[in-house]
Every structure is written in C-alpha cells, then in structure tokens.
Amino acid sequence: MAKLTQDEILAYLEEATILELNDLVSAIEEKFGVVAAAAVAAAPAEEAKDEGPTEVTVTLTSFGASKVGVIKVVREITGLGLVDAKKLVDGCPAAIKENISPEEAEGIKEKLVAAGATVDIK
C-alpha cells in the first residue's frame, strides 16, 4: 500500500461527510486506544474564569456610626426617595445595586465606605 501524503489526507478530510469523519474518528480511537477530545473547548472556560465576574451586586452590610450620611449616599446611588432609602439602610444587609459592572461597583463601594458604611461586592 502506498503511503499517503499529508495533503492527500487533508483533501480527503475536506471532502468527507460528517458520518465518514465520525467513522474515521471511531476507527482511530479503536486502533490506537485513544479518545478524541476537544481540548480547545476547555481553554475559553479557563480564560473566562480568570477574568472574574462581569456582573456583581453591591450589598450594604452595615451603616456604621453615620446612618444619615449613608442614607444620603444610598439616595444618590439608587435615586430612591428619603423614606425608601432609609428603609433600605435599616434593612441591612441589603442589596444596593444588582447586576452592575465590577468597576461601577467599586465606585459605589468607595462612596459608601467614605460615608462610614461596610459594603460587600459579590
């Protein structure tokens, strides 16, 4: 039997049907005792894991000693009225903003911490 060149193999693969390619993969697995796996499929998941979350929630965990200052900042951040902002602060722990970018969350955290609050970002 004549040895096939790499170009001939690639030409066959380009023209083969999905069923023919599936049979070829099965035959290779059986002949050489290997399992065909798409290693590339795992790479994007690893990259996404390293980047961190794309959306987070800012949670007010404590208003500290300056409750009035924290209520003012919560009003500014959320656009709530005074009564609703006070209810939110009184209900600690409470989600201040949900599904926002980590960058926006850090800005909100800075404002709340400056007012004396304790904040968690998840």
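Note that residues are indexed from 1 along each chain, following the sequence as it is written. At least 70 in pLDDT is required for a residue's local features to be given in this predicted model, at least 80 for side-chain atom pairs to be given and counted, and no such filter applies to totals for whole chains, interfaces and linings, which use all residues. Side-chain figures throughout are based on the complete set of non-hydrogen atoms in the structure, without hydrogens or water.

S.K.: What is the right way to look at the overall build of the protein chain in this model?
M.R.: Helix numbering and strand numbering both begin at the N terminus, where a helix is a DSSP run of H or I of at least 4 residues and a strand a DSSP run of E of at least 2. When helices and strands are tallied, the protein chain shows six helices and three strands. For the exposure calls, accessible area comes from a 1.4 Å probe over protein chains only, and a residue counts as buried if that area is under 20% of its type's maximum, exposed if over 50%, partly exposed in between. Burial analysis of the protein chain (122 residues in total) assigns 18% to the buried set. When contacts within the protein chain are restricted to residue pairs at least 6 apart in sequence, those whose partners lie at least 24 apart make up 63%. Any pair of residues with heavy atoms lying within 4.5 Å of one another is described as a contacting pair.

S.K.: What is the right way to look at unusual backbone geometry in this model?
M.R.: If a residue is not glycine, its phi is most likely negative; likewise, a peptide bond is most likely trans. Pro93 follows Cys92 through a cis peptide bond whose omega is -5 degrees. Of note, the phi angle at Asn99 is positive, near 55 degrees, even though the residue is not glycine. Looking at the secondary structure, you find Asn99 in strand β2 (residues 94-100). Here Asn99 falls in the exposed class, since its relative accessible area comes to 55%.

S.K.: Help me understand a nonpolar patch on the surface in this model?
M.R.: Taken together, the side chains of Leu4, Ile9, Leu10, Tyr12, Leu13, Leu24, Ile28, Phe32 and Val34 present a nonpolar region at the surface, about 800 Å² in accessible area. Those elements giving two or more residues to the nonpolar patch turn out to be α1 (6-15) and α2 (18-32). Of all the elements, α1 adds the most residues to the nonpolar patch, at four residues. A residue counts toward a patch only above 30% relative accessible area and without a salt bridge, and it is joined to like-charged neighbours within 9 Å or, for Val, Leu, Ile, Met, Phe, Trp and Tyr, to nonpolar neighbours within 5 Å. Per-residue and other accessible areas follow the Shrake-Rupley method at a 1.4 Å probe size, with only the shown protein chains counted as cover for residues. In the sections that follow, a salt bridge refers to a side-chain nitrogen of Lys or Arg positioned within 4 Å of a carboxyl oxygen of Asp or Glu.

S.K.: Quick question: what am I supposed to make of the sheet that holds strand β1 (residues 56-62) here?
M.R.: Here, any two strands with at least 2 DSSP bridges between them count as paired. Strand order in this open sheet of three strands is β2-β1-β3, and the pairing throughout is antiparallel. One side of each edge strand has no neighbouring strand; the edge strands of this open sheet are β2 and β3 (118-121). Each neighbouring strand pair of the sheet contributes to a mean axis angle of 20 degrees, computed without reference to strand direction. Note that β1 and β3 share four bridges and pair antiparallel. Each bridged residue has a counterpart across the sheet, and for Leu60 the counterpart in β3 is Val119. To get an axis, a line is fitted to the C-alpha atoms, and for a helix only the part in contact is used. The angle between two axes follows their N-to-C directions and goes from 0 to 180 degrees. Contacts between helix α6 (residues 102-114) and the sheet are confined to β1, β2 and β3, with β2 contributing the most and set at about 155 degrees to the helix.

S.K.: Whenever I open this one, the packing of aromatic side chains confuses me. Can you help?
M.R.: For any two aromatic rings, the description comes down to two numbers: the centre-to-centre distance and the angle of the planes. Two aromatic rings, drawn from Phe, Tyr or Trp (for Trp, its six-membered ring), form a pair once their centres lie within 6.5 Å of each other, and the interplanar angle then sorts them: stacked below 30 degrees, edge-to-face above 60, tilted otherwise. What the rule picks out here adds up to zero aromatic pairs. Only Lys NZ and Arg CZ are tested; either one counts as a charge over a ring when it is within 6 Å of the ring centre and within 35 degrees of the ring normal. Note that Lys67 overlies the ring of Phe63, its terminal NZ or CZ placed 5.2 Å from the centroid.

S.K.: Explain the nonpolar core to me, please; I cannot follow it from the model alone.
M.R.: Side chains that are nonpolar tend, in soluble globular proteins, to be buried together. We call a set of buried residues a nonpolar core when its members are Ala, Val, Leu, Ile, Met, Phe, Trp, Tyr or Cys and they connect through side-chain atoms within 4.5 Å of each other. With 20 residues, the main nonpolar core has Val58, Leu60, Val70, Val74, Ile96 and Leu112 as its most contacted residues. Here the element with the most residues in this core is helix α4 (residues 67-78); it accounts for five residues. Discounting chain neighbours no more than four positions away, the residues touching Leu112 are Val58, Val70, Val73, Val74, Ile77, Ile96, Ala117 and Val119.

Function cannot be inferred from these measures alone, as they are strictly geometric.
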